[in-house]
Amino acid sequence: MNKELYFNIKDKYPNVRIIAVSKYTSDENIKELFSLGHKEFAENKVQDLLRKKEELSKEISWHFIGNLQKNKINHLIKTKPILWQSCTSFALAHEVDKRLDYKLDCLLQINSSCEDSKSGISTQQALDEYLKIQNECSNLNLIGIMCIGAIDEKYTQKSFEDCYKIYEEVKKYGAKICSMGMSSDYELAIKCGSNMIRLGSILFK
Ligand SMILES: *Cc1c(COP(=O)(O)O)cnc(C)c1O
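Remember, predicted model here, so these are calculated numbers, not experimental data.

Our focus in this paragraph is the environment of Asn 29. Among the secondary structure elements, Asn 29 is positioned in helix 2 (residues 27-35). Put simply, Asn 29 and Leu 199 are 170 residues apart on the chain and 14 Å apart in space, counted from C-alpha to C-alpha. Once residues lying within four places of it in the same chain are set aside, the contact partners of Asn 29 are Met 1 and Phe 204.

Printed below as a string of structure tokens:
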């Protein structure tokens, strides 16, 4: 794993929370980063999250960042993630909320790039949907937004800026987390206001 880069990013951006996305890396690499003091990791498949939570250090805080199928909701709830970043709609939020027997922190995933391949709520609907989840899902603690930047570099910045505008809106309702930026675009995301970056390939290559 790329220790030097990890510590450089930590030094350069002390106010940005780094989430290590471990979906494509070995357990050995996770253990190594953990041994350096890093505690927050993310997975995009519920079954991987379940296994890693079971087998790796209990001190790791796990985030869930993947597409959640309905038949995996109970499993996700069982893993008690520290943050569910990929809530894509009120309908899904409601399904999770009614089965929860504890308070789960979550983010609304916004599709600001308007790319069909990405899930998430459109920027136009985001504020309404955010407030609806906040008002009607009592077991969910909605504390911000997440977005994946547009893959087409011409639009990446615009997609982050659009998301940040929504973040500014929802801050009035208590939002604290703006999760934007991955290996290829984290610096741009931070410039656009991100306070949480999700790094996979760049850390573990
Ligand atoms: C895989 C993934 C990441 C990390 O991607 P890298 O390009 O490897 O840094 C971040 N966010 C989400 C939602 C992902 O699925």
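One recurring pattern in soluble globular proteins is that nonpolar side chains are buried together. Ranked by size, the top nonpolar core spans 60 residues in total, and within it Trp 84 and Leu 140 carry the most contacts. Among the elements that make up this core, the one with the highest residue count is helix 7 (residues 153-171) (five residues). If we skip the residues at most four places from it in the chain, Trp 84 touches Phe 64, Leu 68, Leu 76, Leu 92, Ala 93, Val 96, Leu 104, Asp 105, Cys 106, Leu 107 and Leu 140. Of all hydrophobic cores here, the second largest spans 10 residues; its members include Ile 19, Val 21, Ile 65 and Met 146.

Our next topic: the pattern of salt bridges. Under the criterion given, the structure shown has 13 salt bridges. Measuring nitrogen to oxygen at the nearest pair gives 3.4 Å for the salt bridge that ties Lys 12 to Glu 187. On the criterion of sequence distance, the pair formed by Lys 12 in helix 1 (residues 3-12) and Glu 187 in helix 8 (residues 186-191) is long-range, its members being 175 residues apart. The partly exposed category is assigned to Glu 187, whose relative accessible area is 36%. When the shortest N-O distance is used, the salt bridge between Lys 165 and Asp 162 registers 3.8 Å. Of the two residues, Lys 165 and Asp 162 are both situated in helix 7; the distance of three residues between them amounts to about one turn of the helix. Among the charged side chains, a network of salt bridges with common partners joins Asp 27, Arg 51 and Glu 55.

Here we take up the state of the cysteines. Considering all chains together, one arrives at zero disulfides under this definition. Summary of cysteine pairing: Cys 178 is not part of a disulfide, and the nearest cysteine sulfur, belonging to Cys 163, is at 6.7 Å. You can call Cys 178 buried: its relative accessible area is 0%.

Residues of helix 3 (residues 46-55) that are buried include every one of Val 46, Leu 49 and Lys 52, and no others. In an axial view of helix 3, the angular spread of the buried residues amounts to 130°, which keeps them on one side of the axis. Away from the buried face of helix 3 by more than 90 degrees, exposed residues Glu 54 and Glu 55 are located. Here the buried face of helix 3 lies against helix 2, strand 2 (40-43), strand 3 (61-64) and helix 4 (73-79).

Here we come to the pairing of strand 7 (residues 140-147). Most of strand 7 sits out of view: seven of its eight residues are buried. Sheet analysis places strand 5 (residues 104-111) next to strand 7, joined by six bridges and oriented parallel. Each residue of the ladder has a partner; that of Ile 110, found in strand 7, is Cys 147. With helix 7 bridging strand 7 and the parallel strand 8 (residues 177-180), this β-α-β connection has right-handed handedness.

In the vicinity of the ligand, the residues found are Val 21, Lys 23, Ile 65, Met 146, Ile 148, Met 182, Ser 183, Arg 198, Leu 199, Gly 200 and Ser 201. A distance of 2.8 Å separates an oxygen atom of the ligand from a polar backbone atom of Gly 200. Expressed as a share of its isolated accessible area of 390 Å², the protein-covered part of the ligand is 86%.

Calculation criteria
- Residues numbered from 1 in each chain as written.
- Predicted model: local features only at pLDDT ≥ 70, side-chain atom pairs only at ≥ 80, totals over all residues.
- Heavy atoms only, no water.
- Helix = DSSP H or I, 4+ residues; strand = E, 2+ residues; numbered from the N terminus.
- Contact = heavy atoms within 4.5 Å.
- Core = buried A, V, L, I, M, F, W, Y, C linked by side-chain atoms within 4.5 Å.
- Buried < 20%, exposed > 50% of the residue type's maximum accessible area, 1.4 Å probe, protein only.
- Salt bridge = Lys/Arg side-chain N within 4 Å of Asp/Glu carboxyl O.
- Disulfide = S-S within 2.5 Å.
- Arc of directions from axis to C-beta.
- Pairing = 2+ DSSP bridges.
- Right-handed = clockwise from strand over helix to strand, strands pointing away.
- Near = heavy atom within 4 Å.
- Polar contact = N/O pair within 3.5 Å; in protein donor to acceptor, adjacent residues only side chain to side chain.
- Areas by Shrake-Rupley, 256 points an atom, 1.4 Å probe, with all protein chains shown as cover.

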